[in-house]
Amino acid sequence: MPYSPEEKKQALTRARRIKGQVAALEQALENGAECGAVLQQLAAVRGAVNGLMAAILESYLREEFPHSESMSESQTKSIDDAISIVRSYLR
């Protein structure tokens, strides 16, 4: 869960955007939209969900393993690498 007020606001904004995208997808399905348009909307929803997941996971990792003076450079790099790998996987 995002802990800072700014991270929480960003997560809620993303979730609300996803909600709107899903509503538009539902509308397209009800109206019998072309398959291409439905697939494009599905891809947009998937991308938005993956982006939100990556942001929350990054927030979690940074909260669980906060940067401190006692943390080595390799530990900090490992956390940054893990976040980078997850972000690239979720694209």
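Up top is the structure these notes are about.
None of the values given here were measured: they were computed from a predicted structure. (Residues numbered from 1 in each chain as written. Predicted model: local features only at pLDDT ≥ 70, side-chain atom pairs only at ≥ 80, totals over all residues. Heavy atoms only, no water.)

Draft legend 1. Main features of the overall build of the protein chain. Secondary structure assignment for the protein chain yields three helices and zero strands. Starting at the N terminus and walking to the C terminus, you meet the elements of the protein chain as α-α-α. For a compact globule of 91 residues, the expected C-alpha radius of gyration is about 12 Å, and the protein chain comes in at 17 Å, more than 25% above that figure. With respect to the principal axes defined by its C-alpha atoms, the protein chain has extents near 60 × 25 × 10 Å. Across the 91 residues in the protein chain, those meeting the buried criterion constitute 23%. Put simply, of all contacts in the protein chain between residues at least 6 apart along the chain, 55% involve residues at least 24 apart. For the protein chain, the accessible area works out to roughly 6900 Å², and carbon and sulfur atoms hold 57% of it. On the protein chain, the mean spot of the 11 positive side-chain charges and the mean spot of the 12 negative ones are 5 Å from each other. (Helix = DSSP H or I, 4+ residues; strand = E, 2+ residues; numbered from the N terminus. Rg over C-alpha atoms; globule rule 2.2 N^0.38 Å. Buried < 20%, exposed > 50% of the residue type's maximum accessible area, 1.4 Å probe, protein only. Contact = heavy atoms within 4.5 Å. Areas by Shrake-Rupley, 256 points an atom, 1.4 Å probe, with all protein chains shown as cover. Lys, Arg positive; Asp, Glu negative; His and termini not counted. Charge placed at Lys NZ, Arg CZ, Asp CG, Glu CD.)

Draft legend 2. Region of the structure containing the pattern of salt bridges. Tallied over the entire structure, the rule returns four salt bridges. Linking Arg-62 and Asp-80 is a salt bridge whose minimum nitrogen-to-oxygen distance equals 3.1 Å. Placement of the pair is Arg-62 in helix H2 (residues 35–64) and Asp-80 in helix H3 (residues 73–89), with a sequence separation of 18 residues. Among the ionic pairs, Lys-77 bridges to Asp-81, the shortest N-O distance being 3.1 Å. In this pair, Lys-77 and Asp-81 both sit in helix H3, four residues apart, roughly one turn of the helix. Under the relative-accessibility criterion, Lys-77 is labelled partly exposed at 49%. In this structure, a network of salt bridges that share partners links the residues Glu-58, Arg-62, Asp-80 and Arg-87. (Salt bridge = Lys/Arg side-chain N within 4 Å of Asp/Glu carboxyl O.)

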